[in-house]
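The chain contents come next:
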Amino acid sequence: MTAFSIIISLILISVTIYNIKILDSERQFHEKRLIWFKADVTLELARDEVFNNLLSGNIQADDEGSLSFKYGIVDYNVTLMPDDIYVVRFDLRLDKSGRNTGLLYYNYVNQEVVHWMVV
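Residues numbered from 1 in each chain as written. Predicted model: local features only at pLDDT ≥ 70, side-chain atom pairs only at ≥ 80, totals over all residues. Heavy atoms only, no water.

Observations concerning the pattern of salt bridges
Following the criterion strictly, the structure yields six salt bridges and no others. Here Arg-47 makes a salt bridge to Glu-44, at a shortest N to O gap of 2.8 Å. One end of the pair, Arg-47, and the other, Glu-44, are both in helix α1 (residues 2-56), three residues apart, so they sit about a helical turn from each other. Take Glu-44: its relative accessible area is 25%, and that puts it in the partly exposed class. Notably, a salt bridge pairs Arg-93 with Asp-75, separated by 2.4 Å at the nearest N-O pair. Note that Arg-93 is positioned in strand β3 (residues 85-94) and Asp-75 in strand β2 (residues 72-81), a separation of 18 residues in sequence. For Arg-93, a relative accessible area of 30% puts it in the partly exposed group. By relative accessible area, which is 23% here, Asp-75 ends up partly exposed. One network of salt bridges, in which partners are shared, links Asp-24, Arg-27 and Glu-31. (Salt bridge = Lys/Arg side-chain N within 4 Å of Asp/Glu carboxyl O. Helix = DSSP H or I, 4+ residues; strand = E, 2+ residues; numbered from the N terminus. Buried < 20%, exposed > 50% of the residue type's maximum accessible area, 1.4 Å probe, protein only.)

Quick look at the structure:
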């Protein structure tokens, strides 16, 4: 009877350790996904604010600035390119962790976004 108890105990310990590893893996995935989500939302908010200022004419070529949001700070820099295009570079620094960069290509003659990408 003692050998049977030891085998059952080892099986239960193995299953418990395996479940702990799965739980830790899911926790790490959740944390990384949350950081990605915060970075994405913050970049989108910065993009919308700068885009509205571009439409109203408050931001011109060679302007730069910093926007503060709940999860971090976004620095932006506007550069004039050929073909009536402004390129706005967004550099995000999250409070806890994570960095991200976004690029907005804006045609100031047609007042439209030509391209948006997260690098």
